[in-house]
Amino acid sequence: MSNKSLGEFEEIVLLTVAILYEDAYGVSIKKDIETRLNRNVSVGAMRTALSRLEKKGYLKSHFGEVTKERGGKRKRYFRVTQPGKTALEEVMESRKKLWDAIPAMSFDF
Amino acid sequence: MNFERKLPIRLLQFFCHPDLLEDIVGDLHELYEENRNVGGEGKANRLLWVEVIRLFRPGIIKNILGTFATDTIGIYRNYFKVSWRNLAKNKVFSAINIISLSVGITACLIIFLFIRDELSFDNFHAKRDRIYRLCELQTWPGTNPQNVPISWPKMGYMLPDYFPEVEMCARYNNRGEELMQSGNKKLVVKNVAGVDSTFLQVFDFEMIAGNRKTALVDPLSIVITEDVARRFFNSTDVVGKALHNDGREYNITGVLKNIPENSHLQFDMLYSLSTLRADRPNFNDETGSNFMIAYVLLKPNSDVDAIEKKFPDFLTSLVDDEEINQAYKLFLQPLKDVHLASMDIEHDYQNYRKFNGTYVHVFMLTGIFILIIACVNFMNLTTARSNTRFREIGVRKSIGAKKMQLVHQFILESVQLAVIALVIGFSIGYLVLPFLNDLITRQLSMATIFSDLGLTAGILGISILLGIISGLYPSLYLSSFRPIHILKVVGSRSKSLLRSTLVIVQFSLAIGMIVSTIIVVQQLFFIQNKDIGFNKDHMLLISLNDEANEKYELMKEELQKDPHILGVTASGQRIGNNFHQYGFKYKKDTSILRIVPSNVTVDYNYLDVYEIKIKSGRNFSKEMATDDGKAFIINESFAKKLDFEDPLGQQLGHGWYDNDSLGRIIGVTEDFNFNSLHYEVNALSMVVHTDWNFSEMSVKLNGNNLQAGIDAIEKIWNENVTDSGYPFSYKFLDEHFDEVYKSDQQMGSVVTIMAILSILVGCLGLFGLASISIEKRIKEIGIRKALGATTSELLILLSKNYAALIVVSLLIASPLAYLYLDRWLTNFAFHISINPLIFLLGGLIAMIIAILTISFHTFRASRTNPVDALHYE
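This is a predicted model, so every value here is computed, not measured. (Residues numbered from 1 in each chain as written. Chains lettered and ligands numbered in written order. Predicted model: local features only at pLDDT ≥ 70, side-chain atom pairs only at ≥ 80, totals over all residues. Heavy atoms only, no water.)

**Side note on the overall build of chain B**
From N to C terminus, chain B includes 29 helices and 23 strands. Here chain B has a C-alpha radius of gyration of 37 Å; the compact-globule value for 873 residues is 29 Å, and the former is much larger. Across the 873 residues of chain B, 51% fall into the buried class. Here chain B has roughly 40,200 Å² of accessible surface; of this, 58% comes from carbon and sulfur atoms. (Helix = DSSP H or I, 4+ residues; strand = E, 2+ residues; numbered from the N terminus. Rg over C-alpha atoms; globule rule 2.2 N^0.38 Å. Buried < 20%, exposed > 50% of the residue type's maximum accessible area, 1.4 Å probe, protein only. Areas by Shrake-Rupley, 256 points an atom, 1.4 Å probe, with all protein chains shown as cover.)

As structure tokens, this is what we get:
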């Protein structure tokens, strides 16, 4: 289904959530992407991607405890779901298929 | 500073979807703290702004309607069902709401039609924006300065030569009615005008046959309307045929469609001005006498101011007179102003249905007022009745209705009402328009609205907008209640301050309109009944042609024998407008001085028949040979201008008289208002010239049996005026005066109707409001009664709030109305002064009507058995 497909940025966010495991919330995801991939991420872009992934069922979220920092605002933690994992695998799979099909000469420059 | 008080965060809170808000703000806070520690506060703030702005994107922004409804159609069906139930449940309030809105809409629709009709004048000419009427401001010694739309023949003739900006000029000269003949058929053609050959090129009167450019070039060419063509020939295919008049043969070179009602020029037959040159070869060179109306067509993008600046030079190029520019100042009046902005122009006889344009604004204003009053009713009643909807709102909110959804619902309800009101308003309009058309002599029709799809849509749109506007406040008010509050305590203390303010607005408008009505009616009554210095009652005016003039003395003698006829006289011009002005000279000491009074030629007994009082001197007398042409009776104003110790016997005469053979002043009359009361009395001179033709015969009838008098005249006329076959036609002088004040009378009728409607609609609202507030106080009333309050005490208690509101309204309305009316009255040179008591009277009327309205409820409440009231639950 086309609306279940993963965009490039969505894929990155989804993978990052998986990497961070129990510590995946807004700021940590943003920072992780920024340091690991060296690209700038706005809160807006990231938050939209997270919502969209959640709507597709690839992520689920829950609120953390109220803490004193962040002005008493709770963190929203994200976890990858089984369908999320499947979707990531499918992407990797399809890429792999394509890689395998490339004849060696193609990359001889 | 608290992070959440920061402007970008507040902005975010405004637009962000509430489900996402908490953790986003948390994330932003965390980032902000970090940025501040690294780069300082300024940088952190800047980055915060950037983030918030980048958060403004779909997916983050909340749904404006606040709705996540999955079943939109279902919820709308529910809205409609609930609103219908509400309408049906509270029939009185629904009726008040709908009726007042309908009345407001009807009033506005009719006023709209009226204004559209007025504004449509002369709109059908494609070049209308470039067409101007040449006018003069005349300033002559001895007469009040005046604007006139007439000019010398030479002015219009020379304009295109002198000004490169002028594309062409078309002159128009009304000749009144003419008796035309075709074979044995003799018919009077009512409005005949001589025009330049360019006339049909400047104006786009629709032509059925003939060539616009050439039809009026040759002498003795005529262009007639299809109506005239049918009357003579039973056909419109008449080009090439001829009509005769006075032994001359006129060739029909064109046929026009009948002149539309909304044209300021109304004519049935045009003849080529070149015809005139047969008798007056130098016609186009004539100066001095103003009787031509010149319409100027300018080239596109011409500068009118620049042309007007050159007018003085233009005038000096026309005549050899150094002082010409002291007497004349020319100006160009745009065609679109001719119908609605010519009230200050005199001698404006070719201006059909001329209307005072400022009254268009008055009408518009009164329409808007009524609409405001009706909308206020709606707002007041809906908010005051809000407690009946509390439970519904509470339940809706508890099961998840968002505020915006409720606002949506209530606005939808009021839009629904507005649309119902529109339909009813249309129907009322259809019913009342025929009566109104009679009153204001128009042919307005509701159907014209439907003929224009854009207009229909526009009116529907405005009604919907009206619903939205009047529904906005109630819906915000109703949806703002907290469910916990409204579900727990039924009935709340509602803010009545705003409601009181709205009532004050309503009644200020209503009182203002009542007062205006009283003063307008007073002034109109004053106009009708002011002693204008002559008697216009039962005076019949009969127009005379050459033959009738010849036989005038004969007919007069016979007429005077009839018992139904009290007097017969005649004059060169009709009383009721300004008389034509032309140059006079008079001898003071030994020098001859010039002056320009109004002039009229009269029969010997004119003053007697019109009952004009002579202040000093004597009347004209047939016995005195010099009274024919050499004796003048002047009015008091003229005497003042002349400034003789004793004007009687002083020498004066028409401008063309020889200095050595001037006439003498034989009498001075009291000032009488020969012109409309809008103007001061001008200097006037009356003279008898037996060899000049009269234009009209005035016959004074016995009021007891007018018809017998008219029949007698007709009989005598038909016996005498036989050769020319000129038909007998008459008009009452009263009718003529009615026409002079038609604009004012119509304004008076409209304002009266509107005032009645406004107080009616206002009281409807008050009626509803009173019923609600008294219902709320029913227990209080019960307790008071149980403790011994009398009915009258209760009546006062319940009415005094409203009385106070009306007093405040009176205080607000009075000064504004005074200023406006005072300015209106300056339109009339003769007017009443405003009596301050009128304002009290207006307030009193409003008060009485209002108290009577609410007394229905107060009386009932104060008479109820306290047991019923207290036992309410």
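**A few points about the sheet that holds strand 23 (residues 730-732) of chain B**
As a general point, the strands of a sheet are linked pairwise by backbone hydrogen bonds and lie either parallel or antiparallel. Residues and elements named next belong to chain B. Pairing in this open sheet of four strands is antiparallel, and the strands run 13-22-12-23 from one edge to the other. Each edge of the open sheet carries a strand with a single partner, namely strand 13 (565-571) and strand 23. Neighbour to neighbour, the strand axes of the sheet diverge by 25 degrees on average, direction disregarded. (Pairing = 2+ DSSP bridges. Axes fitted to C-alpha atoms, helices over the stretch in contact; angles between N-to-C directions.)

**Focus: empty space enclosed by the protein**
Residues and elements named next belong to chain B. Scanning all chains against the criterion turns up one cavity of 30 Å³ or more. The calculated volume of the largest cavity comes to roughly 250 Å³. Together, 21 residues line the largest cavity, and Thr-382, Arg-385, Arg-389, Glu-413 and Leu-417 are the ones closest to its centre. Among the elements of the structure, helix 4 (72-89), helix 5 (91-119), helix 12 (357-384), helix 14 (403-440) and helix 16 (453-479) are those that each provide at least two residues to the lining of the largest cavity. (1 Å grid on protein atoms, 1.4 Å probe; cavity = no way out; pocket = protein on both sides within 12 Å on 5 of 7 lines; lining within 4 Å. Points joined across faces, edges and corners; volume = space filled by probe spheres on them.)

**Here we look at the environment of Leu-544 of chain B**
Residue and element names in this part refer to chain B. Mapped onto the secondary structure, Leu-544 falls in the loop between strand 12 (539-543) and helix 19 (546-550). Assessed through its relative accessible area of 10%, Leu-544 is described here as buried. Between the C-alpha atoms of Leu-544 and Glu-645, which are 101 residues apart in sequence, the distance is 40 Å. In this view, Leu-544 contacts Asn-549, Phe-694, Ser-695, Glu-696, Met-697 and Trp-717; residues no more than four positions away in its chain are not counted. (Contact = heavy atoms within 4.5 Å.)

**Here's the deal with the pairing of strand 6 (residues 221-225) of chain B**
All names here are of chain B. Judged by how many residues are buried, strand 6 sits mostly within the fold: five of five residues are covered. By the alternation rule, side chains of strand 6 split into Ser-221, Val-223 and Thr-225 and Ile-222 and Ile-224, which are all buried. Note: strand 6 against strand 8 (residues 248-256), five bridges, orientation parallel. Bridging across to strand 8, Ser-221 finds its partner in Asn-251. Sheet topology note: the strand 6/strand 9 (residues 269-272) ladder contains three bridges and is antiparallel.

**A few points about the interface of chain B and chain A**
On the chain A side, the residues contacting the 21 residues of chain B number 20 residues. Carbon and sulfur atoms make up 53% of the area that chain B and chain A hide from each other, which totals about 1,800 Å². Linking chain B with chain A are seven salt bridges, by the criterion used here. As a salt-bridge pair, Arg-47 of chain A and Asp-23 of chain B come within 2.9 Å of each other at their nearest N and O atoms. (Buried area = accessible area lost by both parts, 1.4 Å probe. Salt bridge = Lys/Arg side-chain N within 4 Å of Asp/Glu carboxyl O.)

**Describing the nonpolar core**
Residue and element names in this part refer to chain B. Core analysis: the largest hydrophobic core is formed by 109 residues, its most contacted members being Phe-507, Phe-534, Ile-575, Tyr-610 and Met-686. Tallying contributions element by element places helix 18 (residues 497-529) first for this core, with 14 residues. With residues up to four places along the chain from it excluded, the contact list for Met-686 reads Val-600, Val-602, Leu-607, Phe-620, Ala-631, Phe-632, Ile-633, Thr-669 and Phe-672. Listed in part, the 27 residues of the second largest apolar core include Ile-259, Leu-270, Tyr-295 and Val-338. (Core = buried A, V, L, I, M, F, W, Y, C linked by side-chain atoms within 4.5 Å.)

**Description of the pattern of salt bridges**
Pairs can form between side chains of opposite charge whenever their charged atoms are close. All names here are of chain B. A full pass over the atoms with the stated rule returns 48 salt bridges over all chains. The closest approach of N and O atoms between Lys-354 and Asp-348, which form a salt bridge, is 3.0 Å. Residue classification places Lys-354 among the partly exposed residues on the basis of a relative accessible area of 22%. Because the salt bridges share partners, they merge into one network encompassing Asp-117, Glu-118, Glu-261, Arg-353 and Arg-442.

**Here's the deal with a negative patch on the surface**
All names here are of chain B. A cluster of like negative charges, contributed by Asp-320, Asp-321, Glu-322 and Glu-323, occupies part of the molecular surface. Topologically, Asp-320 is positioned in the loop between helix 9 (304-318) and helix 10 (324-327). A residue is classified by how much of its surface remains accessible, and Asp-320, at 83% relative accessible area, is exposed. (Patch = residues over 30% accessible without salt bridge, like charges linked within 9 Å, V, L, I, M, F, W, Y side chains within 5 Å. Lys, Arg positive; Asp, Glu negative; His and termini not counted. Charge placed at Lys NZ, Arg CZ, Asp CG, Glu CD.)

**Notes on the packing of aromatic side chains**
All names here are of chain B. Counted by the stated rule, this structure contains 50 aromatic pairs over all chains. On the numbers, 5.1 Å between centres and 50 degrees between planes, the contact of Phe-199 with Phe-203 is tilted. By relative accessible area, Phe-203 is classed as buried at 1%. Here the aromatic residues Phe-124, Tyr-172, Phe-199, Phe-203, Phe-205, Phe-267 and Tyr-295 are joined through ring pairs into a cluster of three or more. A cation over a ring is seen here: Lys-536 above Phe-737, with NZ or CZ 5.5 Å from the ring centre. Taking the ring centre of Tyr-657 as reference, the NZ or CZ of Lys-630 above it sits at 5.8 Å. (Phe/Tyr/Trp six-rings, centres within 6.5 Å; stacked < 30°, edge-to-face > 60°. Lys NZ or Arg CZ within 6 Å of the ring centre and 35° of its normal.)

**Here's the deal with the environment of Trp-692 of chain B**
Residues and elements named next belong to chain B. Structurally, Trp-692 can be placed in the loop between strand 21 (684-687) and strand 22 (696-701). Judged by relative accessible area, Trp-692 falls into the partly exposed class, the value being 31%. Measuring from C-alpha to C-alpha, the distance between Trp-692 and Thr-601 comes to 8.2 Å, with 91 residues separating the pair along the chain. Setting aside anything within four residues of it in sequence, one finds Trp-692 in contact with Tyr-582, Thr-601, His-654 and Trp-656.

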